[in-house]
Amino acid sequence: MTRSDVANAYAPDFPPDISGVDWWAMLADPAYLADPYAALKRIRDLAPVHQDPVSGIYFVLGHDAFRRMATAPEMGRDTSLWRDGWNSPENRLRDPLSFELFGEFQPQMTNANPPEHRRMRAVYEKAFREASLAWLRPAIASECADLLDSLPLDAPVDFMAAFANPLARRVTRVAFELPAEMDAQVAEWVAALSLVGNIIMSPEEKRDALSALRAFKAYLRDRLTAGIDPNGLLALAQASHADGTMDEEESLTNLVTLVSGGAATATLLGNGMLALLRHPAEFGRLRADRALVGSAVEEMLRYEPGGSFILRVAIRDYRCGDILVPAGSLAIGLVPAITRDPAQFDDPDRFDIGRRPNPHQVFGGGPHICLGKALVRMTAEAAFARLAERFGRIELACNPVWWTHRSDQHGLHSLPLRFGHA
Ligand code: HEM
């Protein structure tokens, strides 16, 4: 991505920023995408909030600045209010494809401000609490065991392909009553749609995402009419539509996002595994005391977060310290900067699986805080406890490969490992 891509996509001409950074070049640089921390530290040390002079987007790097912004009533999550974004009159003329894509992805809680947000989120809130998700524990345990059984001993294997991605898919499949034969198709739709979070997409990516969204919704529409578990998560979608809480587009679009969430769990499993391997003493600590698995997963989320962007759009003017964020502005919380802020975390570049407290904000904050966080924790804790128990030896077989095709995610394309008994 170049400066002119951004300047062409968004109205330029904002004041220069003290960091002098070319934001979009940095955010697309493969070296940054593999290891963003030093670059973000330099910018965060200058100020917790910056404005990109090219796009006008605010970048929030400080822990406290983000905490305030994420919870401020002035800052919503409805991207249709972004003055220079997909829903602006200029963009509708310049880029009708974006307008179509984001418009069709719009009717869901993620993109809603109060009171619509509350109305939609309330449908799922209770079902996604930790206690309510207990019914999934046995399935998570048995899927972990099954995948661990299939890992070869003393031979290189890609952890992402052999464990992280399939585990996340299987948990999603059980949670949302999807047939196993749909795994590959759902993964393809999710991959195409996940690029919508990347802010700047190529026309091909937009077209692929739009057709994935339509096909995914059509599939889920059919799925909701076939025999489903009356106590399951799909029944909530069906009931919310039947009783008028949501219209059909809302219930389907929310379901698309819920089913897509599992991909982020796979990213956490890969990033967390790599963090353990790069810090063998911490891995040893976990092996010696598996009661640390809960704080270990929190530290994996903080230390090597998978999602890099958390969005807010100003509903009204918002004052963030010295900076005025005018109504209609887009602000992006840069997660890998927020989670390494020394004002909040002692020795932030140290990976410490016993770190407490660990208020990392990787799941966001305020009313939009991740709905799936209890499921993520349950899955990752089960996976890492079993991995530590099952294999006395886990080694990198060769260098991991980070994604380089998107700025909003920091995740592994492949993680070649060798498993063995001690
Ligand atoms: C490691 C895995 C995950 C991470 C790091 C993550 C992170 C996030 C973040 C940062 C947000 C936005 C919060 C904000 O705007 O303040 C979010 C929202 C959301 N997440 Fe997750 N997520 C993960 C997995 C999941 C899973 C597995 C599901 C579903 C089963 C899920 C469902 C959702 C939903 C529905 C929202 C929108 C909530 C709302 O707007 O009210 N997420 N997530």
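The structure contained in this document is the topic of the report that follows. It should be emphasised that the depicted structure is a prediction, and the values quoted were computed from it without experimental measurement.

Within the chain, the secondary structure is distributed over 19 helices and twelve strands. Taken over the C-alpha trace, the chain has a radius of gyration of 21 Å; the compact-globule value for 422 residues is 22 Å, and the two agree within 12%. If one aligns the C-alpha atoms of the chain with their principal axes, the spans along those axes are about 60 × 50 × 35 Å. Taken across its 422 residues, the chain has 56% of its residues classed as buried. Of the contacts made within the chain by residues no fewer than 6 positions apart, 74% connect residues no fewer than 24 positions apart.

Turning to helix H5 (residues 63-71), its buried residues are His63, Ala65, Phe66, Met69 and Ala70. Relative to the axis of H5, the buried residues are bounded by an arc of 160° and lie together on one face.

Spatial ordering of the open sheet is given by E4-E12-E9, a layout of three strands whose pairing is antiparallel. On the outer flanks of this sheet lie strand E4 (156-158) and strand E9 (393-396), each paired with one strand and no other. Within the sheet, the average angular offset between the axes of one strand and its neighbour, ignoring direction, is 40°. Strand direction decides the pairing type here: E9 and strand E12 (residues 416-420), joined by four bridges, are antiparallel. In the sheet register, Arg393 faces E12, and the bridge partner there is Gly420.

As a further point, take the coordination of the iron atom of the ligand. One donor from the polypeptide reaches the iron atom of the ligand: Cys370 (SG), at 2.3 Å. Here Cys370 shows up in the loop between helix H18 (335-338) and helix H19 (373-390).

Ordered by their spatial adjacency, five strands build an open sheet running E1-E2-E8-E5-E3, and the pairing between neighbours is mixed. Lying at the two open borders of the sheet, with one neighbouring strand each, are strand E1 (49-51) and strand E3 (75-76). In this sheet, strand E8 (residues 330-334) lies alongside strand E2 (residues 58-60) in parallel orientation, the contact comprising three bridges. In the strand pairing of E8, Phe59 is matched with Ile332.

Relative to the elements of secondary structure, Asp408 occurs in the loop between strand E10 (401-402) and strand E11 (412-414). Note on Asp408: relative accessible area 5%, which makes it buried. What Asp408 contacts, discounting residues up to four positions off in sequence, is Ser194, Gly197, Asn198, Gly306, Gly307, Ser308 and Phe309.

Next up on the list: the site of the ligand. With respect to spatial proximity, 24 residues lie near the ligand, and among them His117, Arg121, Arg312, His368 and Cys370 are the closest. In this structure, Arg121 approaches the ligand through a side-chain N or O atom, which is 2.8 Å from an oxygen atom. At 2.7 Å, a side-chain N or O of Arg312 approaches an oxygen atom of the ligand. If you list the elements that add at least two residues to the shell around the ligand, you get helix H8 (116-125), helix H15 (262-278), strand E5 (309-314) and H19. Residues belonging to the shell around the ligand are distributed by class as follows: 13 nonpolar, nine polar and two charged.

Reading the values: the criteria
- Residues numbered from 1 in each chain as written.
- Predicted model: local features only at pLDDT ≥ 70, side-chain atom pairs only at ≥ 80, totals over all residues.
- Heavy atoms only, no water.
- Helix = DSSP H or I, 4+ residues; strand = E, 2+ residues; numbered from the N terminus.
- Rg over C-alpha atoms; globule rule 2.2 N^0.38 Å.
- Buried < 20%, exposed > 50% of the residue type's maximum accessible area, 1.4 Å probe, protein only.
- Contact = heavy atoms within 4.5 Å.
- Arc of directions from axis to C-beta.
- Pairing = 2+ DSSP bridges.
- Axes fitted to C-alpha atoms, helices over the stretch in contact; angles between N-to-C directions.
- Donors = N, O, S within 2.8 Å, 3.2 Å for Na, K, Ca; no water.
- Near = heavy atom within 4 Å.
- Polar contact = N/O pair within 3.5 Å; in protein donor to acceptor, adjacent residues only side chain to side chain.
- Nonpolar A, V, L, I, M, F, W, Y, C, P; charged D, E, K, R; others polar.

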